[in-house]
Amino acid sequence: MTTLPLSGIRVLDFTVVWAGPYATMMLADFGAEVIRVESLQHFPSTTRGLMPRPPAALLASATHLLAGYPNWEPGARPWDRHPMFNCHARNKLSMTVDLTRPEGKEIVRRLVQCSDVLIENNAVDVMPKLGLDYETVRRWKEDIIYVSMPGFGHSGPYRTFQGYGSNVEALCGFTAVRGYADLDLTSTTAVYYMDAASGAGAAFAVLCALHYRQRTGQGQFIDFAQAENMLPHLGEYFMEAAMNGRDLPRLGNRHPAMAPHNCYPCQGEDRWLVIAVASDAEWQRLCQALGSPPWARQEKFATLAGRLKHQDELDQHLAAWTSTQEARAAMAHLQAHGVAAGMVFREPDAYADPHLNARGFFETITHRECGTHRYPGMLWKMSKTPGHIRQPPCCLGEHNDYVYRELLGMSDEEIARLRREGHIGDTYLGV
Amino acid sequence: MAAGPLADVTVLDLTHYIAGPYCTKLLALYGAEVIKIERPGRGDPARHLGPFPGGVPHPEKSGLFLHLNTNKQSVTVNLKHPRGQELIRALVPHVDVVVENFSPRVLPSLGLSYPELEPLNPRLVMTSISNFGQSGPYRDWKAQDIVIYAMGGAMNLTGLPEREPLRLALNLMAYQGGNVAAAATMTGVLGARRLGVGQHIDVALMEVHAGSIDRRTTALLGYQYTGEPGYREEPTGIGIYPSGVYPCKDGYVQVLVFPQAWERLLAAMEMPELASDPRFADPLARMQPENRPAFLALFLDWLRRHTRYEAMYKAQAQGVPMTAVNPPSAVLEDPHFQARGTFVRLAHPAAGTLPYLREPFRMTASPAVPLQRAPLLGEHTEAVLQRYLGLSAKEVAQLRREGVV
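Residues numbered from 1 in each chain as written. Chains lettered and ligands numbered in written order. Predicted model: local features only at pLDDT ≥ 70, side-chain atom pairs only at ≥ 80, totals over all residues.

## A word on the overall build of chain B
Convention followed: Only DSSP runs of H or I with at least four residues qualify as helices, and only runs of E with at least two residues qualify as strands; both kinds are numbered from the N terminus onward. Labels follow a simple rule on C-beta atoms placed from the backbone: if 20 or more others lie within 10 Å of a residue's own, it is buried; if 12 or fewer, it is exposed; otherwise it is partly exposed. It is the C-beta atoms, placed from the backbone, that decide contacts: two residues are in contact if theirs lie within 7 Å.
Across its full length, chain B holds 17 helices and 12 strands. Taken along its principal axes, the extent of the C-alpha atoms in chain B is 85 × 50 × 45 Å. For chain B, the proportion of its 405 residues judged to be buried stands at 57%. Within chain B, residue pairs in contact and separated by at least 24 positions form 67% of the contacts whose partners lie at least 6 positions apart.

## Here's the deal with the overall build of chain A
The helix and strand inventory of chain A stands at 19 helices and 12 strands. If you line up chain A on its principal axes, its C-alpha atoms span 85 × 50 × 50 Å. Per-residue burial over chain A gives 56% buried out of 431 residues. In chain A, once contacts between residues fewer than 6 apart in sequence are set aside, the share between residues at least 24 apart is 70%.

## Brief notes about the domain arrangement of chain B
Spelled out, the test is: Just so you know, the domain bounds were taken from an automatic or database domain assignment.
For chain B, the assigned domains read domain 1 (10-213 + 339-401) and domain 2 (243-326). For domain 1 of chain B and domain 2 of chain B, the distance between their C-alpha centres works out to 44 Å.

## Side note on the sheet that holds strand S12 (residues 381-382) of chain A
Which entries qualify depends on this criterion: Any two strands between which DSSP finds at least two bridges are classified as paired.
The strand order across the open sheet formed by seven strands is S12(A)-S6(B)-S5(B)-S4(B)-S1(B)-S2(B)-S3(B), and the pairing between neighbours is mixed. Edge positions in the open sheet fall to S12 of chain A together with strand S3 (73-76) of chain B, since each of these has one partner strand only. Here strand S4 (residues 97-100) of chain B pairs with strand S5 (residues 125-130) of chain B via four bridges, running parallel. Counted as the bridge partner of Val99(B) is Thr127(B) from S5(B).

## Quick look at the interface of chain A and chain B
Here is the rule we go by: Three categories are distinguished: nonpolar for Ala, Val, Leu, Ile, Met, Phe, Trp, Tyr, Cys and Pro, charged for Asp, Glu, Lys and Arg, and polar for the others, with Gly belonging to the last.
If you look at the interface, chain A gives 137 residues, while chain B gives 127 residues. Ranked by residue count, the leading element in the side of chain A that touches chain B is helix H9 (residues 193-216) of chain A, at 18 residues. Looking at the side of chain A that touches chain B, its residues break down into 79 nonpolar, 44 polar and 14 charged. Across two bridges, S12(A) lies against strand S6 (residues 199-204) of chain B in antiparallel orientation.

## Notes on the packing of H9(A) against helix H7 (residues 172-195) of chain B
Which entries qualify depends on this criterion: An axis is simply a line fitted to the C-alpha atoms; with a helix, the fit covers only the stretch in contact. Between two such axes, the angle follows the N-to-C directions and lies from 0 to 180 degrees. With respect to orientation, any angle under 35 degrees is reported as roughly parallel, any angle over 145 as roughly antiparallel, any angle of 65 to 115 as roughly perpendicular, and every other angle as oblique. A clockwise turn of the near helix away from the far one marks a right-handed crossing, whereas an anticlockwise turn of less than a right angle marks a left-handed crossing.
For the pair H9(A) and H7(B), interaxial distance at closest approach is 9 Å and the crossing angle is 25°. Classified by the interaxial angle, the pair formed by H9(A) and H7(B) is roughly parallel. In terms of crossing hand, the pair formed by H9(A) and H7(B) is left-handed. Contacts from Tyr193(A), Ala196(A), Ala197(A), Ala200(A), Gly201(A), Ala203(A), Phe204(A), Leu207(A), Cys208(A), Leu210(A), His211(A) and Gln214(A) in H9(A) reach Leu172(B), Gln176(B), Asn179(B), Val180(B), Ala182(B), Ala183(B), Met186(B), Thr187(B), Val189(B), Leu190(B) and Arg193(B) in H7(B).

## Here's the deal with unusual backbone geometry
If a residue is not glycine, its phi is most likely negative; likewise, a peptide bond is most likely trans. All names here are of chain A. Between Ala259 and Pro260 the backbone carries a cis peptide bond, its omega angle lying at -5°. Positive phi is not limited to glycine here, since Val17 has a value of about 55°. Here Val17 lies in the loop between strand S1 (10-13) and helix H1 (19-29). Judged by the 20 C-beta atoms lying within 10 Å of it, Val17 is buried. At Asp270, a position not held by glycine, the phi torsion is positive, near 55°. Here Asp270 lies in the loop between strand S7 (261-265) and strand S8 (272-276).

## Brief notes about the sheet that holds strand S7 (residues 243-248) of chain B
Residue and element names in this part refer to chain B. Here we have three strands laid out as an open sheet, ordered S7-S8-S9, and antiparallel in their pairing. The sheet terminates laterally at S7 and strand S9 (322-324), the two strands that pair on one side only. Between one strand axis and the next, the sheet turns through 25° on average, direction left out of account. Of the strand pairs in this sheet, S7 and strand S8 (residues 251-256) are connected by six bridges, and their pairing is antiparallel. When the sheet's bridge partners are listed, Val245 is paired in S8 with Gln254. Strands in contact with helix H12 (residues 291-304) are S7 and S8; relative to S7, the strand with the most contacts, it is inclined by about 50°. Running over the sheet, helix H13 (residues 308-317) touches S7, S8 and S9 and is turned about 155° from S9.

## Brief notes about helix H5 (residues 102-113) of chain A
Residue and element names in this part refer to chain A. Stated formally: One fewer than the residue count of a helix, multiplied by 1.5 Å, yields its expected span. This arc is built from the directions going out from the helix axis to the C-beta atoms.
With 12 residues, H5 ought to run about 16 Å at 1.5 Å a step, and its terminal C-alpha atoms sit 17 Å apart, in line with that. Taken residue by residue, H5 has Gly104, Ile107, Val108, Leu111 and Val112 as its buried positions. Burial along H5 is one-sided: seen end-on, the buried residues are contained in an arc of 140°. Opposite the packed face of H5, turned more than 90 degrees from it, sit the exposed residues Pro102, Glu106 and Gln113. Buried residues along H5 sit against S1, strand S2 (33-38), strand S4 (117-120), helix H7 (134-140) and helix H18 (400-407).

## Considerations on the pairing of S8(A)
All names here are of chain A. Extensive coverage of S8 is indicated by the burial of five of its five residues. Neither face of S8 is exposed, since Trp272, Val274 and Ala276 on one face and Leu273 and Ile275 on the opposite face are all buried. Bridge count for S7 against S8 is five bridges, and the pairing is antiparallel. Within S8, the position partnered with Pro265 by the bridge is Trp272. With antiparallel pairing between neighbouring strands as the criterion, S7 and S8 make up a hairpin whose turn holds six residues, including Gly268 at a positive phi of roughly 95°.

## Description of the environment of Gly50(B)
Residues and elements named next belong to chain B. Secondary-structure assignment places Gly50 in the loop between strand S2 (33-38) and helix H2 (63-68). Under the C-beta neighbour-count criterion, Gly50 is labelled buried, with 22 such atoms within 10 Å. Remark: the alpha-carbon pair of Gly50 and Ser62, spanning 12 residues in sequence, is separated by 5.3 Å. Excluding residues that lie within four positions of it along the chain, Gly50 makes contacts with Ser62, Gly63 and Leu64.

## A closer look at the environment of His211(A)
Residue position: His211(A) is located in helix H9. C-beta crowding within 10 Å serves as the criterion here: with 24 such atoms nearby, His211(A) is assigned to the buried category. Ignoring any residue separated from it by four or fewer positions in sequence, one finds His211(A) in contact with Pro5(B), Leu6(B), Met186(B), Val189(B) and Leu190(B).

## Topic: the packing of helix H1 (residues 19-29) of chain B against H7(B)
Residues and elements named next belong to chain B. The geometry of H1 relative to H7 is characterised by a closest axis approach of 7 Å and an angle of 45° between their N-to-C directions. Overall, the two elements H1 and H7 adopt an arrangement that is oblique. Seen from above, H1 lies across H7 with right-handed handedness. Across the interface between the two elements, Ala19, Gly20, Tyr22, Cys23, Leu26 and Leu27 of H1 pack against Ala174, Tyr175, Gly177, Gly178, Asn179, Ala181, Ala182 and Thr185 of H7. Grouping the amino acids of the contact of H1 with H7 by side-chain chemistry returns nine nonpolar, five polar and no charged.

## Considerations on helix H11 (residues 235-244) of chain A
Residue and element names in this part refer to chain A. With nine of 10 residues buried, H11 is to be regarded as a mostly interior element. Every buried residue of H11 is accounted for by Gly235, Glu236, Tyr237, Phe238, Met239, Glu240, Ala241, Ala242 and Met243. Note on H11: the residue one or two positions beyond its end, Gly245, has a positive phi of about 60°.

## Brief notes about the pairing of S3(B)
Residues and elements named next belong to chain B. Heads up, the condition is: The path from the first strand over the helix to the second decides the hand: if it runs clockwise while the strands point away from the viewer, the crossover is right-handed.
The alternating pattern of S3 places Gln73 and Val75 on one face and Ser74 and Thr76 on the opposite face, and all of these are buried. Two strands pair when backbone bridges link them, and S2 and S3 are joined in this way by four bridges, in the parallel orientation. The partner of Ile35 across the bridge, within S3, is Gln73. As for the winding sense of the linkage, the β-α-β connection from S2 through H2 to S3 is right-handed.

## With respect to the nonpolar core
Formally: Remark: nonpolar core denotes a set of buried Ala, Val, Leu, Ile, Met, Phe, Trp, Tyr and Cys residues whose joining runs through C-beta atoms within 7 Å.
In terms of nonpolar packing, the biggest core is built from 263 residues, with Leu27(A), Val147(A), Val206(A), Leu273(A), Leu27(B) and Val253(B) touching the most fellow members. Ranked by residues supplied to this core, first place goes to H9(A) with 15 residues.

## Points about the environment of Ala3(B)
Positionally, Ala3(B) belongs in the segment before strand S1 (10-14). Note: C-alpha distance between Ala3(B) and Ser366(B) (363 residues apart in sequence) is 7.5 Å.

Here it is in structure tokens:
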């Protein structure tokens, strides 16, 4: 097997929910040994599902974001079967230890001493309360790279603020700039863009620190404020505010400098096509693709300024056409004419997509608690050291034997005792 | 002066617009030397996209370009000119990384594809960012941000159930593509340094978003697990409330109250007596169709008496995840970002002094380099060609006359 770029780097992973785990997914995909440090006594919310044993009332009303267990059945071990966890946990290991007891902390100390990176995305007071703050951890291993990724960072008035991704996005301007132009902001549904941005940003942060340590031998603490990592993604909006003292209007699916630029209905239920025309030449190609109908040949649509001004009318004409079309065929037809058009993919569309399949995006894996399924795969392709899903998503405590026996060199007797005492196991206790 | 963790990394930057430049901006902020190649005359097309001061286009005043190109050097090279292509090939042995985001057919047509550059520098890491990747049936298809979100991301889950799916902010697909490409590039650099292997990295925006943790991968896997596709939901859940965006005295707040935070919310509202009100005493009672509006009326009335910041501070004092919904202009004034110095004012000879965002994360041992303004078009052409290729001022002048630089 090819050696991967991050082979031999060990990451102690204290991350929860999505943002932190997304970072360690990227590191694990390209060879780092990522060990999730979990506890049988503590079930972090919205990580291995919403609840360890979800009640029937939740299952009855929930979508698969909240309860998409295989066949909608939580089974005996729901924490090993939730897609919100299993979508990122491939290639990672899971060990369990009760962090609230001195012996548990001692086990973590020994793990830190054989690790390169510690990463966590809890509220700022969680790791200090466990006695696992950076100052403590670096005494155990001086060159440890310690990435802490709370919502607002380790200083400033919001340091201790509580917030899910959607809360931080709202404060940072991301919520106010999207939404239907004809409705007010109470119609806004939650998205979790920040989790994606934080995951990639934190993976980059770890890699920068590893690169620096390779050159100098020094580890370090990284204050990763998820808000600040995401703010640059709205850079042009801040520039508009600074340069011109105004906020760009909310435009729904429209664009200030492209027209048409919208989402149009197609044949069938919940089938949609987006079309985005960036230039007058592309507009001409769109007209040809439509068979140059008389409405499209009108002078007022020939220039961007005209199309922006007469957008309502333009959108009506296009929607009338798309409504008679099958979405995938319309996408292919417009693309064949060099027009940026895309069907709004629902999940079955992605799995059936010839492009994603030609590139091998999905990988088939068998998971001992879930069976065999196709999983979304690598975020990028490397020509000489390709990443793959080498191991299925980690079940709770699945790799305790490796960690306690091989890494920490413990005997059968010690392991048996830690199991009796509730450190080692594969089932949540009392939660 | 701080050198940054990537002080020993040199990047030949063949990027334009947003995704590529955001990737190389990140590398530059953490100390890499980034040599940005721009087309003579017009430069990066982002120079011609707004916002502009007063809305008046000017290639040195584009807010988008100024934001994306801090800490880089600008060198103009005509890539269509054979002598320009030679200059690029001559630079390749001097760099660790090439980042580009042309359409996949462009660099091969210029003799600058990875297989042609690899022999010049076997340890080269070349990152190619494109809409659909370097292979596959859609390789040459066209896309804008909204197309990527539609085909790759969770657009089908974004918006109201009875309405059309919605995009996010204008350029997030491209920014996140650049963000992921920076991680991919550094994975490649570590591979080159640790294993001695150079390689080509293929970042497809469609796959970055098909693999996004923002609901997409959970929904994809949830479909595999349950056989049912996802759908758009109402903005506020039935069981978990209040959740979503609510109006207040001067705007809106965003809140998400799971059952465990219920009593803390009542404390923030200074209505602790509601905890023993039978209508709201437990999650099941609160879900009843007649009780839910009764509580929301009290909540909205409380919000109406508070500004978004007052409500946020009162809620957060009790540990309730509630935040102000800010327009971008208010973010510039936000006290937290002021206290942390998140925006830094930088002068630029054409665009004047503007606030720029500091580095996205703060490293203690190897801090990011100080922010430097974006380069003027071709500002570093002479310096770079002299330093790396040993060209004299006279030779550069000759190239300039021939339209190469």
